[in-house]
Amino acid sequence: MSDGCSCSEIVLLMGPPGAGKGTQADILVKARALRKLSTGDMLRDHVQRGTELGKQAKAVMDAGDLVSDDLIVAMVKSELESMQVIRVLLDGFPRTTAQAKELDKLLSELSVDIDSAVLIEVDEDELVARLLNRAKELGRTDDNEETIRNRMKVYQDLTKPLVDYYQNQDKLTAVNGLGTVEEVSKSIFEVLS
Ligand code: AP5
Ligand code: MG
């Protein structure tokens, strides 16, 4: 819990599609006075507003593929550079080794460092069930079976290598993402305390 400290804090929330990153991010940012930077939410906002970036991203997102590293890094960079004190929770970024390296470079230029990378682990059957359920509730256009299958594959191929990347930097802790939202939050708070 923040006690008015103006120190920087950088937390990464990692995990496959449907693991609960967004759900947990909303809880953590309130409790720790962090700002949420979710590249998925930022992209959906661009799509909704019909910006040039949104137009480029829509088809890629609907297919469950990744938007180009350059576009994503530029988007995050401008947000981070605009903060006087960097207290941020990154949800769904970085997602490729190239993005992780660019983030390290940027943070080093800003003289800050990642405090923790938390990996939320959930098995694939549960992930698919959650996303199909969310499709009924929110109607996200990438929550259909074909796209979900591709999102899982893209995660395995391009994002999972980041588990080793952050383990090698001694920053990664995995938590069990099964159980109630409150149970998962409790595990994450234990990691960050
Ligand atoms: P993004 O928006 O990041 O989607 P994602 O990684 O596929 O993850 P989700 O948002 O689907 O799941 P989540 O882990 O946030 O789970 P949630 O809390 O919602 O990315 C979308 C697309 O944008 C990508 O495919 C790509 O095209 C592009 N993109 C984004 N970032 C990018 C990047 N860095 N580089 C390139 N491209 C990028 O929970 C899921 C559901 O489960 C919800 O209904 C929730 O209520 C429920 N739930 C949560 N916790 C629990 C629980 N404990 N028990 C039961 N149900 C639960
Ligand atoms: Mg999300």
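Residues numbered from 1 in each chain as written. Chains lettered and ligands numbered in written order. Predicted model: local features only at pLDDT ≥ 70, side-chain atom pairs only at ≥ 80, totals over all residues. Heavy atoms only, no water.

A. Geometry of the overall build of the chain. Per the secondary structure count, the chain includes nine helices and five strands. Secondary structure elements of the chain occur, N-terminal to C-terminal, as β-α-β-α-α-α-β-α-β-α-α-α-β-α. By the compact-globule yardstick of 16 Å for 193 residues, the chain fits well, its C-alpha radius of gyration being 16 Å. Taking the principal axes of its C-alpha atoms as reference, the chain extends roughly 45 × 40 × 30 Å. When each of the 193 residues of the chain is scored for burial, the buried share is 45%. Of the contacts formed within the chain by residues at least 6 apart in sequence, a portion of 76% connects residues at least 24 apart. Each charge class in the chain was averaged separately, 24 positive and 34 negative side chains, and the resulting centres sit 3 Å apart. (Helix = DSSP H or I, 4+ residues; strand = E, 2+ residues; numbered from the N terminus. Rg over C-alpha atoms; globule rule 2.2 N^0.38 Å. Buried < 20%, exposed > 50% of the residue type's maximum accessible area, 1.4 Å probe, protein only. Contact = heavy atoms within 4.5 Å. Lys, Arg positive; Asp, Glu negative; His and termini not counted. Charge placed at Lys NZ, Arg CZ, Asp CG, Glu CD.)

B. Examining the nonpolar core more closely. I10, L12, L80, L103 and Y166 are the most contacted members of the largest nonpolar core, which totals 34 residues. For this core, the secondary structure elements donating two or more residues are β1 (9-14), α2 (39-49), α3 (52-63), α4 (69-81), β3 (87-91), α5 (97-109), β4 (116-121) and α8 (161-168). Broken down by element, the residue count for this core peaks at five residues, all from α4. V118, L131, M152 and I188 belong to the second largest nonpolar core, which has 19 residues in total. (Core = buried A, V, L, I, M, F, W, Y, C linked by side-chain atoms within 4.5 Å.)

C. Highlighting the pattern of salt bridges. Here the structure, examined in full by the defined rule, presents 18 salt bridges. With a shortest N-O distance of 3.0 Å, R87 and E9 are connected by a salt bridge. Within this pair, whereas R87 is found in strand β3, its partner E9 is found in strand β1, the two being separated by 78 residues in sequence. Here R87 and E9 have matching classes, each one buried. Among the salt bridges present, the one from D142 reaches R151, with a minimum N-O distance of 3.8 Å. Each of R134, R140, D142, D143 and R151 takes part in salt bridges that share partners, so that together they form one network. (Salt bridge = Lys/Arg side-chain N within 4 Å of Asp/Glu carboxyl O.)

D. Expanded view of the pairing of β4. The buried count for β4 comes to five of six residues, which makes it a mostly enclosed element. Across four bridges, β1 lies against β4 in parallel orientation. Looking at the pairing, V11 lines up with S116 of β4. By the bridge criterion, five bridges tie β4 to strand β5 (residues 172-176) in an arrangement that is parallel. The partner of L119 across the bridge, within β5, is A174. (Pairing = 2+ DSSP bridges.)

Purely geometric stuff here, so don't read any function into it on its own.
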